[in-house]
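Here is how the chains run, residue by residue.
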Amino acid sequence: MTKYQIFTVDAFASEPFTGNQAGIVPVPSWQPIPDETMHKLAAEMNISETAYLTPVDHLGEQEFQQASRFTLRWFTPTVEVRLCGHATLAAAHILAHELGNHNEEFRFDTLGGVLVVRKSAEGLEMTFPLDIPAPVSANDNFELLAKSVFGYYSDSMEMELSPGLRYLVIHDPHRSAQDIAALQPRVSEALEAGRRERVEIVIATGRGEQEDFVSRVFGPWCGITEDPATGSAHTVLAPFWSKRLQKSQFVAKQCSKRGGVLSLQLDKEHVRISGSAVVVVKGSVEL
Amino acid sequence: MKYEFYVVDAFTTNRFGGNPAGVVIIPHDATMSEATMQSIANEVNLPMTSFVQAADSNTFTLLWFNPTAKATFCGHATLAAAHILLTNSTEITLLSPIGELEAKRTSKGITLKFASNPPHRLEPSAQQQSIANEFLGQMPNPPSTQFFYEPTTNDLFILLDSIDDSEFARLSFPSAPENMAGLVGRMESLGIRGVVFVAQSQQANRDSISRVFNVRDKLVVEDQVTGSAHTVIAPLFYEIFGKSAIHAHQCSQRQGQLYLELVGDQVYISGNAVLAIQGNISV
């Protein structure tokens, strides 16, 4: 049995119990964990993602303090996923604030490509490729999905699907930020419709009041009833709102029960997502 | 403020088996509001989290919270709490929402003493029958059923007359994903906490087999190992089969083993527990 450190971090949060939880397990390069065990520990943690972090450069005793490049793998309680923004932010937060790594920039090798996180004024800043959504023409499947989230379907709804992640964005211009926060979706009633369109996540979004826009994120297809704060959703939402608001800099609020706040800066191909994080649980697990 | 925090797998000898529970230790001179307890239980998102505080050297108060609500009764989180607290003493008393519970280390792991909760026999309504059919309709020759209800647990118990252990473990509930919304609706309209399918085991080393399902977040989810349901299964098996000592197996994905002994109006539930994670939680 080998002992590993384990943390629970609230990402896109400035106080405990808000934002999105991520489990972070620093895995020393000389003590790899088998995939099966990574799955089991993520199931035990039972939070949206548990991430495993291993240094790639500067190996040795001080590798977590010195390395600036790491492999990072994300597991939900049921599957390994290709992209997870909040757990990346959480991993960088652990490196900077718990493991004494003073580098200004971290590079993470992931299933979804290389992700870069920099220290910034708002905390930590991640750069993601955009996944620009395109309008879909309404059909029975999309109407069912809209109904499962909003309780109704209307011609005024704007629905766009992102080609890479296959995130479906639904916006009804007649609905306020409070309406989005008050939604009581039953997305599990539209599971089959979502499968037929290969939708991974459904996002309800609306104009914000203090913020530029608000959103709620639902992913029953990957085992997530509602995700409280979602980095990846904003690689789709940033270009969606950029077209409508003619802006490239946003403050976005995910108005889930826990809530999450993200700062976004858009260029042609990328979005930089900044946020802060709070460590809630510090502990160890023997594997 | 920092509190000791543990994740314990209950009713198993396998790490990551059984049913996980969080355990938070509140120092005797500290106070924690129930709102904070609920926030912690939501944060760690385990099926249940126990909050314990020493009242005197061998007596502790115990409260249970699931991610969304305070719970009235939870067996596996009690075992998890006892596993942490019994490192210093061999016998403790837990002052819980269902009264005083005794816990001690025995040859079967940890033994907890609960009040027995005998169920009442029911003539099933159409809705209760359709819940049974959703589960058993997947079999070519479904077994016949007897229905019971028990008010303390607020669970519907469906006793199957004969079923193969591995076939029982393979059945899904609902039988197909598209039946989920309908099943949630039927379970919600009955106002029950959960449905317990239970049968005699056909294996030599087990007496009872069970599967337990609850509604959470508009989804039917399987409870991995359920201590509370076994305060009902023990008197039920005594009444129907005349057995007072039962090796109970819960055939969920993570599986659980419980040893039940009915003595008068008490049920002794014994099982093992494994520490998975230890650390502290900052609030």
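Quantities reported herein were computed from a predicted structural model and do not represent experimental measurements.

**Topic: the overall build of chain B**
Turning to step 1, where the next piece is worked out: Check the secondary structure of chain B and you find six helices and 17 strands.
Turning to step 2, where the next piece is worked out: In terms of principal-axis extent, the alpha carbons of chain B reach across some 60 × 40 × 30 Å.
Turning to step 3, where the next piece is worked out: Considering only intrachain contacts with a sequence separation of at least 6, the fraction spanning at least 24 residues in chain B is 66%.
Turning to step 4, where the next piece is worked out: Of the side-chain charges in chain B, 17 are positive and 26 negative, and the distance between the mean point of each set is 4 Å.

**Some thoughts on the overall build of chain A**
Turning to step 1, where the next piece is worked out: Looking only at helices and strands, chain A features seven helices and 18 strands.
Turning to step 2, where the next piece is worked out: Taking 19 Å as the expected radius of gyration for a compact globule of 287 residues, we find that chain A reaches 19 Å, a close match to that expectation.
Turning to step 3, where the next piece is worked out: Overall, the C-alpha framework of chain A stretches about 60 × 35 × 30 Å when taken along its three principal axes.
Turning to step 4, where the next piece is worked out: Among the 287 residues that make up chain A, the fraction classed as buried is 58%.
Turning to step 5, where the next piece is worked out: Counting every atom, chain A has about 11,600 Å² of accessible surface; 47% of that belongs to carbon and sulfur.
Turning to step 6, where the next piece is worked out: The positive charge centre, built from 26 side chains, and the negative charge centre, built from 36, are 2 Å apart in chain A.

**Things to note about the environment of B:Leu171**
Residue and element names in this part refer to chain B.
Turning to step 1, where the next piece is worked out: Within the secondary structure layout, Leu171 lies in the loop between α4 (165–170) and α5 (180–190).
Turning to step 2, where the next piece is worked out: Remark: the alpha-carbon pair of Leu171 and Arg211, spanning 40 residues in sequence, is separated by 9.6 Å.
Turning to step 3, where the next piece is worked out: With sequence-adjacent residues up to four places away left out, Leu171 is seen in contact with Phe135, Leu136, Gln138, Met139, Ile163 and Arg211.

**Concerning the interface of chain A and chain B**
Turning to step 1, where the next piece is worked out: With 30 residues of chain A in contact, the opposing surface of chain B contributes 29 residues.
Turning to step 2, where the next piece is worked out: Around 2,400 Å² of area is buried between chain A and chain B when both sides are counted, 54% of it from carbon and sulfur atoms.
Turning to step 3, where the next piece is worked out: Counting the surface chain A buries against chain B, the share from its top three residues, A:Phe17, A:Glu44 and A:Arg186, is 27%.
Turning to step 4, where the next piece is worked out: Note that A:Glu44 is salt-bridged to B:Arg254, the shortest N-O span being 2.6 Å.

**Some remarks on the layout of surface pockets**
Residue and element names in this part refer to chain A.
Turning to step 1, where the next piece is worked out: A volume near 600 Å³ is recorded for the second largest pocket.
Turning to step 2, where the next piece is worked out: Every residue lining the second largest pocket is counted, 32 residues in all, and those nearest its centre are Arg82, Leu83, Leu165, Tyr167 and Ser232.
Turning to step 3, where the next piece is worked out: Listed by contribution, the elements that provide at least two residues to the lining of the second largest pocket are β5 (80–81), α3 (85–97), β7 (113–120), β8 (123–129) and β14 (224–227).
Turning to step 4, where the next piece is worked out: Sort the elements by how many residues they give to the lining of the second largest pocket and β7 lands first, with three residues.

**A few points about the packing of aromatic side chains**
Turning to step 1, where the next piece is worked out: Tallied over the entire structure, the rule returns 20 aromatic pairs over all chains.
Turning to step 2, where the next piece is worked out: Here the aromatic rings of A:Tyr52 and A:Phe75 are separated by 5.5 Å at their centres, their planes lie at 85°, and the arrangement is edge-to-face. Placement of the pair is A:Tyr52 in strand β3 (residues 49–55) and A:Phe75 in strand β4 (residues 69–75), with a sequence separation of 23 residues. An identical accessibility class is assigned to A:Tyr52 and A:Phe75; each is buried.
Turning to step 3, where the next piece is worked out: Ring plane angle 90° and centroid distance 5.6 Å describe the contact between B:Phe51 and B:Phe65, whose orientation is recorded as edge-to-face. Of this pair, B:Phe51 sits in strand β3 (residues 48–56) while B:Phe65 sits in strand β4 (residues 59–65), placing them 14 residues apart in sequence. Residue B:Phe51 shares its accessibility class with B:Phe65, and that shared class is buried.

**Comments concerning the packing of helix α3 (residues 126–136) of chain B against α5(B)**
Residues and elements named next belong to chain B.
Turning to step 1, where the next piece is worked out: Packing of α3 against α5 leaves a shortest axis separation of 10 Å and a crossing angle of 140°. When the axis of α3 is compared with that of α5, the two are oblique. Remark: the crossing between α3 and α5 carries left-handed chirality. For the pair formed by α3 and α5, the contact residues are Gln127, Gln128, Ser130, Ile131 and Glu134 on the first element and Leu183, Arg186, Met187, Ser189 and Leu190 on the second.
Turning to step 2, where the next piece is worked out: Its residues placed into classes, the contact of α3 with α5 shows four nonpolar, four polar and two charged.

**Section: the domain arrangement of chain B**
All names here are of chain B.
Turning to step 1, where the next piece is worked out: The domains assigned to chain B are domain 1 (2–115 + 270–282) and domain 2 (120–264).
Turning to step 2, where the next piece is worked out: Across the boundary between the two partners, domain 1 contributes 18 residues, which contact 16 residues of domain 2.
Turning to step 3, where the next piece is worked out: Carbon and sulfur atoms supply 52% of the area buried between domain 1 and domain 2, which totals about 1,400 Å² over both sides.
Turning to step 4, where the next piece is worked out: The tally of links between domain 1 and domain 2 comes to one salt bridge.
Turning to step 5, where the next piece is worked out: Asp9 serves as the salt-bridge partner of Arg254, at 3.2 Å between the closest nitrogen and oxygen.
Turning to step 6, where the next piece is worked out: Residues of the side of domain 1 that touches domain 2, tallied by class, amount to eight nonpolar, eight polar and two charged.

**Considering the nonpolar core**
Turning to step 1, where the next piece is worked out: Counting residues in hydrophobic clusters, the biggest one holds 57 residues, and the most contacted among them are A:Ile24, A:Leu53, A:Phe108 and A:Leu264.
Turning to step 2, where the next piece is worked out: Contacts of A:Phe108, omitting those with residues within four sequence positions, involve A:Leu53, A:Phe70, A:Leu72, A:Thr88, A:Ala91, A:Ala92, A:Leu95, A:Gly113, A:Val114, A:Leu115 and A:Val117.
Turning to step 3, where the next piece is worked out: Of all hydrophobic cores here, the second largest spans 51 residues; its members include B:Val52, B:Ala80, B:Phe157 and B:Leu159.

**Points about the environment of A:Ser148**
Residues and elements named next belong to chain A.
Turning to step 1, where the next piece is worked out: For Ser148, the position within the fold is in helix α4 (residues 140–150).
Turning to step 2, where the next piece is worked out: Since its relative accessible area comes to 7%, Ser148 is described here as buried.
Turning to step 3, where the next piece is worked out: Expressed as a C-alpha distance, the spacing of Ser148 and Gly60, which sit 88 residues apart in the sequence, is 51 Å.

**What about helix α1 (residues 34–44) of chain B?**
Turning to step 1, where the next piece is worked out: All of the buried residues along α1(B) are B:Thr36, B:Met37, B:Gln38, B:Ile40, B:Ala41, B:Glu43 and B:Val44.
Turning to step 2, where the next piece is worked out: Taken from the residues just after α1(B), B:Asn45 is the one with a positive phi, measuring 55°.

**Here we look at the pattern of salt bridges**
All names here are of chain B.
Turning to step 1, where the next piece is worked out: Here the structure, examined in full by the defined rule, presents 25 salt bridges over all chains.
Turning to step 2, where the next piece is worked out: For Asp207, the salt bridge is made with Lys243, and the minimal N-O distance between the two is 3.2 Å. On the criterion of sequence distance, the pair formed by Asp207 in the loop between β11 (194–200) and β12 (208–216) and Lys243 in the loop between α6 (227–241) and β14 (245–250) is long-range, its members being 36 residues apart.
Turning to step 3, where the next piece is worked out: Taking relative accessible area as the criterion, Asp207 reaches 17% and is therefore assigned buried.
Turning to step 4, where the next piece is worked out: The exposure class of Lys243 is partly exposed, given its relative accessible area of 24%.

**Comments concerning helix α2 (residues 75–85) of chain B**
Turning to step 1, where the next piece is worked out: Of all eleven residues making up α2(B), eleven are buried, and the element is well covered by its neighbours.
Turning to step 2, where the next piece is worked out: Within α2(B), burial applies to B:Gly75, B:His76, B:Ala77, B:Thr78, B:Leu79, B:Ala80, B:Ala81, B:Ala82, B:His83, B:Ile84 and B:Leu85.

**Things to note about the pairing of strand β2 (residues 19–26) of chain B**
Residues in a regular strand point their side chains to alternate faces of the sheet.
All names here are of chain B.
Turning to step 1, where the next piece is worked out: When you tally the buried positions in β2, you get eight out of eight residues, the bulk of the element.
Turning to step 2, where the next piece is worked out: Both faces of β2 are covered, namely the face carrying Asn19, Ala21, Val23 and Ile25 and the face carrying Pro20, Gly22, Val24 and Ile26.
Turning to step 3, where the next piece is worked out: Examined bridge by bridge, strand β1 (residues 2–10) and β2 share seven bridges and lie antiparallel to one another. Bridging from a neighbouring strand, Tyr6 pairs with Val23 of β2.
Turning to step 4, where the next piece is worked out: As defined by bridge partners, β2 adjoins β3 across six bridges and the pair is classed as parallel. From the neighbouring strand, Val24 faces β3, where its bridge partner is Phe51.

What counts and what doesn't
- Residues numbered from 1 in each chain as written.
- Chains lettered and ligands numbered in written order.
- Predicted model: local features only at pLDDT ≥ 70, side-chain atom pairs only at ≥ 80, totals over all residues.
- Heavy atoms only, no water.
- Helix = DSSP H or I, 4+ residues; strand = E, 2+ residues; numbered from the N terminus.
- Contact = heavy atoms within 4.5 Å.
- Lys, Arg positive; Asp, Glu negative; His and termini not counted.
- Charge placed at Lys NZ, Arg CZ, Asp CG, Glu CD.
- Rg over C-alpha atoms; globule rule 2.2 N^0.38 Å.
- Buried < 20%, exposed > 50% of the residue type's maximum accessible area, 1.4 Å probe, protein only.
- Areas by Shrake-Rupley, 256 points an atom, 1.4 Å probe, with all protein chains shown as cover.
- Buried area = accessible area lost by both parts, 1.4 Å probe.
- Salt bridge = Lys/Arg side-chain N within 4 Å of Asp/Glu carboxyl O.
- 1 Å grid on protein atoms, 1.4 Å probe; cavity = no way out; pocket = protein on both sides within 12 Å on 5 of 7 lines; lining within 4 Å.
- Points joined across faces, edges and corners; volume = space filled by probe spheres on them.
- Phe/Tyr/Trp six-rings, centres within 6.5 Å; stacked < 30°, edge-to-face > 60°.
- Axes fitted to C-alpha atoms, helices over the stretch in contact; angles between N-to-C directions.
- Parallel < 35°, antiparallel > 145°, perpendicular 65-115°, else oblique.
- Left-handed = near helix turned anticlockwise from the far one by under 90°.
- Nonpolar A, V, L, I, M, F, W, Y, C, P; charged D, E, K, R; others polar.
- Domains from an automatic or database assignment.
- Core = buried A, V, L, I, M, F, W, Y, C linked by side-chain atoms within 4.5 Å.
- Pairing = 2+ DSSP bridges.

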